[in-house]
Amino acid sequence: MQYYQVFISAEQTAQAYRILDALIAKQLVFGGPIVGGPAKFLWNFKDSDVPESMRKPKLLTLEQDYNYIISYTREDLKEELIEVAEAASLEEVCMISFLPIETNRSLRLLLDASFEGKGELAAPEPVDATVALTFVPSEQIPSRTKSSNGEIGTRT
């Protein structure tokens, strides 16, 4: 199975959450961060849905804060992912790109478990919890991450 890292554009954080929620609800992406910051784009507004006074046949640069959803998906989910993301997006052009990746075994197992039973499971529910960071003694660090080389289900 081919796996992909997927990048999906969103003009606002709220829009990014709307897209990500729609994709997670249908088990089309694993989930992931929404990364935002300043951006600049080359744009031709001639055919855009902007005020008539801006529709000129020339290239302009546009500066704005911008967001990207960064996630993972599989080959068999790409077409439906595009349809759902575009339907949830408010942008004129919802930019979606897929980068083929090679995963380590641990990530592959995590992704396969996340997409297992697609369409059969109920919609994901938020957990009433919060992520809590803790200090980890240095000698425990090597045993905290699942190994891609050991027996499945073990740390080594």
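About the thresholds
- Residues numbered from 1 in each chain as written.
- Predicted model: local features only at pLDDT ≥ 70, side-chain atom pairs only at ≥ 80, totals over all residues.
- Heavy atoms only, no water.
- Core = buried A, V, L, I, M, F, W, Y, C linked by side-chain atoms within 4.5 Å.
- Buried < 20%, exposed > 50% of the residue type's maximum accessible area, 1.4 Å probe, protein only.
- Helix = DSSP H or I, 4+ residues; strand = E, 2+ residues; numbered from the N terminus.
- Polar contact = N/O pair within 3.5 Å; in protein donor to acceptor, adjacent residues only side chain to side chain.
- Contact = heavy atoms within 4.5 Å.
- Axes fitted to C-alpha atoms, helices over the stretch in contact; angles between N-to-C directions.
- Left-handed = near helix turned anticlockwise from the far one by under 90°.
- Nonpolar A, V, L, I, M, F, W, Y, C, P; charged D, E, K, R; others polar.

Caption draft 1: Spatial organisation of the nonpolar core. Ile8, Ile19, Leu23 and Leu81 are the most contacted members of the largest nonpolar core, which has 22 residues in total. Looking at this core, the elements with two or more residues in it are β1 (3–10), α1 (13–25), α2 (78–88) and α3 (105–115).

Caption draft 2: Structural context of the side chain of threonine 73. Here threonine 73 shows up in strand β3 (residues 59–74). There is a polar contact of 2.6 Å between the side chain of threonine 73 and the backbone oxygen of leucine 28. If near-sequence neighbours (up to four positions away) are discounted, threonine 73 is found in contact with Tyr3, Tyr4, Leu28, Leu81, Phe98 and Phe115.

Caption draft 3: Representation of the packing of α1 against α2 within the structure. The N-to-C vectors of α1 and α2 enclose an angle of 145°; their axes lie 9 Å apart at closest approach. For the element pair α1 and α2, the recorded crossing hand is right-handed. Contacts from Arg18, Ile19, Ala22 and Leu23 in α1 reach Leu81, Val84, Ala85, Ala87 and Ala88 in α2. A breakdown of the residues in the contact of α1 with α2 according to their chemical character gives eight nonpolar, no polar and one charged.

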